[in-house]
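Spelled out from the first residue to the last, the chains are:
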Amino acid sequence: RENGRTYFEQASKILDREKTKIVYNSEWLGKMTFADVIKLASKYTVARMLERDDFTKRYKNGIPISVHEILYPLAQAMDSVAIQSDVELGGTDQKFNLLVGRDIQREFGLSPQVILTMPLLVGTDGVEKMSKSLDNYIGINESPKEIYGKTLSIPDELIYTYFELTTDISNEELKKIKQQLENPEVNPRDIKRALARKLVSMYHSEEAAYEAEREFDNIFVKKGLPDEIPEFKFENNLKEIEILDLIVKVGFAPSRSEARRLVIQGGVSIDGEKISDIKQIIKLNKPMILKVGKRNFIKLIND
């Protein structure tokens, strides 16, 4: 439910909050008996299920297909039945499931929904589709500096695709960007910076975009520090702390194992000096700046 609330907050940056409704499919799927599931399964054939590309390939190659994988498209189809969907939007990888929804709606005497598919957006790593679990995503509810910095990290070959799929610029502007990217005299970095400003402007403001750019340049081009660094004050006159515990305590990692990964990858420093020892003890005898990753800074103060 907590995830559901965050999704609604994100969607509200694009959709009219007053006209948007969030529902939970447990409201109808949770009420289905086993007999209901059997009746639903009788409305679709195994042959039709095997028309799905990945099912066909796995079946031919002798790779197991679990029964729950076959039931999943039917469960999703019941969502379309329950809310009497007119249009369902999904990624191109969801095309089969969306089509099953049309068939099951007919079985329940409803007009079949129109389906609209969108290309999958490749993540910042330039390899896998954007996914929070793969940590290759740009969150629309992230801070301006996070959106700006992450956008600049995408490979140059994704610049046009990101303009096309993530912004609302016109086809005429897209054409100009394509021409610029094909021009060897134009530095792709400058076009990428324009993309970063555009994305920040869409979800924050134009002013926030230029401020994020200025701060990025200060940190990564001029090797400076952010203008505003949050402070973390230790209580009870703590004298020292292990680096992994420190990273977790200030909220830069959810666990010691994740903090350990950050240190090993060389992403942790104090007052500009990289920390490489995962067991290093940090003396808290003076104010200091902890940096974790590329954009996380915090000033440590011992009361």
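Provided above is the structure to which this section pertains.
Every value quoted in this text rests on a predicted model; they were computed, and no experiment measured them.

Caption draft 1: A look at the overall build of the protein. A tally of regular secondary structure across the protein gives 14 helices and nine strands. For the protein, whose C-alpha radius of gyration is 25 Å, the value lies well above the compact-globule estimate of 19 Å for 303 residues. With respect to the principal axes defined by its C-alpha atoms, the protein has extents near 70 × 55 × 45 Å. Looking at the 303 residues of the protein, the share that counts as buried comes to 34%. Counting contacts in the protein only where the partners sit at least 6 residues apart, residues at least 24 apart contribute 57% of the total. Put simply, the protein shows about 19,100 Å² of open surface, and 51% of that area lies on carbon and sulfur atoms. The averaged location of the 48 negative side-chain charges in the protein is 2 Å from the averaged location of its 46 positive side-chain charges.

Caption draft 2: Expanded view of helix α9 (residues 159-166). Residues of α9 that are buried include every one of I159, Y162, F163 and T166, and no others. The buried residues of α9 all sit within an arc of 105° when viewed along its axis, so they share a single face. Where α9 is buried, its residues touch α10 (171-182) and α11 (188-203).

Caption draft 3: Seen up close, the environment of T6. Summarising the element assignment, T6 is placed in helix α1 (residues 2-11). Linking T6 and N141, residues 135 residues apart in sequence, is a C-alpha distance of 9.1 Å.

Caption draft 4: How the structure looks around the pairing of strand β1 (residues 87-91). Here β1 runs beside strand β2 (residues 114-118); their pairing, made up of five bridges, is parallel. For G91, the partnering residue across the bridge sits in β2 and is M118. This β-α-β element, β1 to helix α7 (residues 95-107) to β2, shows right-handed connectivity.

Caption draft 5: Structural context of the packing of aromatic side chains. Going through the model one piece at a time under the given rule, you end up with two aromatic pairs. Centroid distance F232 to F234: 5.1 Å. Interplanar angle 70°. Geometry classified as edge-to-face. Each member of the pair, F232 as well as F234, is classed as buried. The ring of F108 carries K43 above its face, with NZ or CZ at 5.3 Å from the centroid.

Caption draft 6: Looking closely at the sheet that holds strand β3 (residues 231-234). As summarised here, the arrangement of the five strands in space is β3-β9-β8-β5-β6, forming an open sheet in which the pairing is mixed. Both edges of this open sheet fall to β3 and β6 (273-274), since each of them pairs with a single strand only.

Caption draft 7: Layout of helix α8 (residues 144-152). Of all nine residues making up α8, seven are buried, and the element is well covered by its neighbours. If you check which residues of α8 are buried, you get E146, I147, Y148, G149, K150, T151 and L152.

Caption draft 8: Looking closely at the side chain of K150. Tracing the sequence through the fold places K150 in helix α8. Here E142 takes part through its side chain, which lies 2.9 Å from a polar atom of the side chain of K150. The contacts of K150, once residues within four sequence positions are left out, are T124, Y137, I138, E142 and R295.

Caption draft 9: View of the environment of R5. With respect to the helices and strands, R5 occurs in helix α1. In this structure, the C-alpha to C-alpha distance between R5 and I147, residues 142 residues apart in sequence, is 21 Å.

Caption draft 10: Local environment of the environment of Y72. With respect to the secondary-structure elements, Y72 resides in helix α6 (residues 67-82). On the basis of relative accessibility, which here comes to 49%, the residue Y72 falls in the partly exposed class. C-alpha separation for the pair Y72 and D271, spaced 199 residues apart in sequence, amounts to 52 Å.

Reading the values: the criteria
Residues numbered from 1 in each chain as written. Predicted model: local features only at pLDDT ≥ 70, side-chain atom pairs only at ≥ 80, totals over all residues. Heavy atoms only, no water. Helix = DSSP H or I, 4+ residues; strand = E, 2+ residues; numbered from the N terminus. Rg over C-alpha atoms; globule rule 2.2 N^0.38 Å. Buried < 20%, exposed > 50% of the residue type's maximum accessible area, 1.4 Å probe, protein only. Contact = heavy atoms within 4.5 Å. Areas by Shrake-Rupley, 256 points an atom, 1.4 Å probe, with all protein chains shown as cover. Lys, Arg positive; Asp, Glu negative; His and termini not counted. Charge placed at Lys NZ, Arg CZ, Asp CG, Glu CD. Arc of directions from axis to C-beta. Pairing = 2+ DSSP bridges. Right-handed = clockwise from strand over helix to strand, strands pointing away. Phe/Tyr/Trp six-rings, centres within 6.5 Å; stacked < 30°, edge-to-face > 60°. Lys NZ or Arg CZ within 6 Å of the ring centre and 35° of its normal. Polar contact = N/O pair within 3.5 Å; in protein donor to acceptor, adjacent residues only side chain to side chain.

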